[in-house]
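# Notes for the structure review
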Amino acid sequence: MHAQSVTLDQVWSWLGEVPDPEIPVISVVDLGIVRDVAFDGDECVVTITPTYSGCPAMQVISDAVGEALRARGVDKLRIVTQLSPAWTTDWMSETGKAALKGYGIAPPVEQAIDISGLRSGVKRGAFKEPEVACPNCGSTHTQLTSQFGSTPCKALYKCLDCREPFDYFKCH
Ligand SMILES: [Zn+2]
């Protein structure tokens, strides 16, 4: 099979089956990492944007995307990593946000959170904490326990009502 006989819709649906390596219940398409699919002549060009620059999972995602498409016979393939415009949670689909919640991870609540304090090491006071709802009971009576959860993309929270700890997907 040559790339010419493959439609963009097919490529998108195949990519929709590629799970995010950190959160396997959500696909790289629903997460909004896949920005664009196009054909340049007979070469398939997939543009991906990391959830934040330096995201350690990016190489894994790039490899998984390449494997999934080559397995379908797309052998002329180029994967472009595009850092700008930066990924925001707006790119995550509603399906993706619902899947996150079902997995016990609180989805990102707002895209305008100032995390400059996190990046530059400015004092904690500069960090506006989002109101994060507990994925178990829905309570917003939650507390940040650690800026870093099981992966750098997540913060660890604790619900003060049901006492369950949970991950909050914070990268944006
Ligand atoms: Zn709770």
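As a reminder, the structure under discussion sits directly above these lines.
On a predicted model such as this, the values are computed, not experimentally measured, just so you know. (Residues numbered from 1 in each chain as written. Predicted model: local features only at pLDDT ≥ 70, side-chain atom pairs only at ≥ 80, totals over all residues. Heavy atoms only, no water.)

We now examine the coordination of the zinc ion. Every protein donor of the zinc ion is accounted for by C134 (SG), C137 (SG), C159 (SG) and C162 (SG), and the metal-donor separations fall at 2.3 Å. Note that the zinc ion binds four donor atoms; their angles at the metal cover 105 to 119 degrees, and the shape is tetrahedral. Between the donor residues of the zinc ion, the gaps in sequence give the motif C-x2-C-x21-C-x2-C. With a gap of 25 residues between them, C134 in the loop between α4 (116-120) and β5 (142-146) and C159 in strand β6 (residues 154-159) connect regions that are remote in the sequence. (Donors = N, O, S within 2.8 Å, 3.2 Å for Na, K, Ca; no water. Tetrahedral: all angles 85-135°; square planar, octahedral: opposite > 155°, others 65-115°. Helix = DSSP H or I, 4+ residues; strand = E, 2+ residues; numbered from the N terminus.)

The buried fraction of strand β2 (residues 43-48) is high, at five of six residues. Alignment of strand β1 (residues 34-40) against β2, held across six bridges, turns out to be antiparallel. Bridge pairing links F39 to C44 in β2. The antiparallel hairpin formed by β1 and β2 contains two residues in its connecting segment, where G41 sits at a positive phi of about 65 degrees. The pairing of β2 with strand β3 (residues 77-81) spans five bridges and is parallel. Within β3, the residue paired with V46 across the bridge is I79. (Buried < 20%, exposed > 50% of the residue type's maximum accessible area, 1.4 Å probe, protein only. Pairing = 2+ DSSP bridges.)

Our focus in this paragraph is the environment of S146. Along the polypeptide, S146 turns up in strand β5. Taking relative accessible area as the criterion, S146 reaches 26% and is therefore assigned partly exposed. With 21 residues separating them in the primary sequence, S146 and D167 have C-alpha atoms 9.6 Å apart.

Once that is clear, we can look at the sheet that holds β3. Adjacent strands of a sheet form backbone hydrogen bonds with each other and so pair up, either parallel or antiparallel. Spatial strand order, β1-β2-β3: three strands in an open sheet with mixed pairing. Two strands close off the open sheet at either side, each with one partner strand: β1 and β3. Averaged over all neighbouring strand pairs, the angle between strand axes comes to 20 degrees, with direction disregarded. Set on the sheet, helix α1 (residues 8-15) makes contact with β1 and β2; between it and β1 the angle comes to about 145 degrees. In the packing of helix α2 (residues 58-71) onto the sheet, contacts are made with β2 and β3, and the angle to β3 comes to roughly 155 degrees. (Axes fitted to C-alpha atoms, helices over the stretch in contact; angles between N-to-C directions. Contact = heavy atoms within 4.5 Å.)

With that settled, consider unusual backbone geometry. Cis peptide bonds are those with omega within 30 degrees of zero, and the linkage from S84 to P85 qualifies with 0 degrees. Looking at where P85 falls in the secondary structure, it is placed in the loop between β3 and α3 (94-102). The phi angle at R163 is positive, at roughly 70 degrees, despite the residue not being glycine. Mapped onto the elements of the fold, R163 is located in the loop between β6 and β7 (165-169). R163 gets classed as exposed once you look at its relative accessible area, which sits at 54%.

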